[in-house]
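Okay, here's what each chain looks like letter by letter:
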Amino acid sequence: LSSFMFDFDFQPWHNHSMNRFFSFAVTSLQLIQCYSWAMPRKKQPFATFVDLCQHRDSVVVTPDNDYENDASVMVWSPQSSSNWDVMPNSTVSIETLRWCQNFVVPFNLCPWARASLKTPGAVRLYSVKKREEIEEALNKVSTLFYQQITRKVSDPSTAISFLICEDLTWNFADFFDWFCYIEELYWDDQNDLQNKITLAAFHPDWNYEDDETALKFEKKSPYPTITFVWTAVVEAATEATTVKIAKQNEETLLNQRVDDMNALYNSEVYLGDDETPSS
């Protein structure tokens, strides 16, 4: 569901006429390169989109729901022999899945998100407690994702992995600078998987320039997050398709009021105090 990839020839604070890449595959889930631009549009009432969420129950990640990927998250543990400990039904995993199923899918921000969520084993969640741990974990997750595809454990057209940082003090500017460093210096130059795996970044405080429109919800996630998708799937999307998706997303989001979107996001993504799983 990850949803929007972006081009590093521009900065996230540039205006809407600049190229944007988004990846909501887990999803989105299937990340693809998109180009968008500002243009006048007919205003549509917010209710037409809110109704998509109002007429269904909020996702509850249990074996009885229609979500085919479990809510377990692999938590980075340097002391563990495998470096990962399994934590079922954690707040970070449930809120990430709620983001995908309750927000990305109803707004159709990523056309592949629904398929990824419905495909057993397609979505994999990994998390780190501290930002200092994320770079080593990123290298591990990229290897695991590569093995997941090449060993035919998952269909590359629906597979997506999330690497989530639970440290909410990591502000957007620092997070984005770090991600640019990873893309430009580490991922491109040192990792032999760079031509096979595409990364995308998301953040709770994502914003474009000083833009106060709802477009920021295109890349707003509940936690600082990196997604991994198979590059061949990204490249298979035609330019006409990516342009169409970008225009649709921009029209959908720019026609919404920020206050309404914030209220919807908070209710559909974040767990309430009475919903938080016990540790």
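Please refer to the structure placed before this passage.
The following paragraphs examine the structure supplied in this document. (Residues numbered from 1 in each chain as written. Predicted model: local features only at pLDDT ≥ 70, side-chain atom pairs only at ≥ 80, totals over all residues. Heavy atoms only, no water.)

1. Brief notes about the overall build of the protein chain
Now for step 1: Looking only at helices and strands, the protein chain features eight helices and 10 strands.
Now for step 2: Across the 279 residues in the protein chain, those meeting the buried criterion constitute 56%.
Now for step 3: Across the protein chain, contacts joining residues at least 24 apart in sequence account for 76% of those joining residues at least 6 apart.
Now for step 4: About 12,500 Å² of surface is accessible on the protein chain, with carbon and sulfur atoms providing 49% of the total. (Helix = DSSP H or I, 4+ residues; strand = E, 2+ residues; numbered from the N terminus. Buried < 20%, exposed > 50% of the residue type's maximum accessible area, 1.4 Å probe, protein only. Contact = heavy atoms within 4.5 Å. Areas by Shrake-Rupley, 256 points an atom, 1.4 Å probe, with all protein chains shown as cover.)

2. Remarks on helix α4 (residues 134-150)
Now for step 1: Over its 17 residues, α4 extends 24 Å from the first C-alpha to the last, a length consistent with the 24 Å expected when each residue adds 1.5 Å.
Now for step 2: Burial in α4 covers these residues: I134, A137, L138, V141, S142, F145, Q148 and I149. End-on view of α4: buried residues confined to an arc of 140 degrees, all on one side of the axis.
Now for step 3: The positive-phi residue at the C-terminal boundary of α4 is K152, with phi of around 60 degrees. (Expected span 1.5 Å × (residues − 1). Arc of directions from axis to C-beta.)

3. Examining the sheet that holds strand β6 (residues 84-87)
Now for step 1: Judged by pairing direction, the sheet is mixed, and its six strands sit side by side in the order β6-β5-β7-β8-β10-β9 without closing on themselves. Two strands close off the open sheet at either side, each with one partner strand: β6 and β9 (197-202). The mean inter-strand angle of the sheet, taken between neighbouring strand axes irrespective of direction, is 25 degrees.
Now for step 2: Sheet topology note: the strand β5 (residues 73-76)/strand β7 (residues 123-128) ladder contains two bridges and is parallel. Residue pairing across strands places V75 opposite S127, the latter belonging to β7.
Now for step 3: α4 rests against β5, β6, β7, β8 (160-165), β9 and β10 (225-230) of the sheet, and its axis sits at about 25 degrees to β10. (Pairing = 2+ DSSP bridges. Axes fitted to C-alpha atoms, helices over the stretch in contact; angles between N-to-C directions.)

4. Some thoughts on the environment of T227
Now for step 1: Checked against the element boundaries, T227 lands in strand β10.
Now for step 2: Between the alpha carbons of T227 and F202 there is a distance of 8.2 Å; along the sequence they are 25 residues apart.

5. Re unusual backbone geometry
Only a minority of non-glycine residues have a phi that is not negative, and only a minority of peptide bonds are not trans.
Now for step 1: Phi is positive for N83, which is not a glycine, with a value near 75 degrees.
Now for step 2: Examined against the element boundaries, N83 turns out to sit in the loop between β5 and β6.
Now for step 3: Residue N83 is classed as buried on the basis of its relative accessible area of 14%.
Now for step 4: Positive phi values are uncommon outside glycine, yet K152 reaches one of about 60 degrees.
Now for step 5: Positionally, K152 belongs in the loop between α4 and β8.

What is shown is where atoms sit, not what they do.
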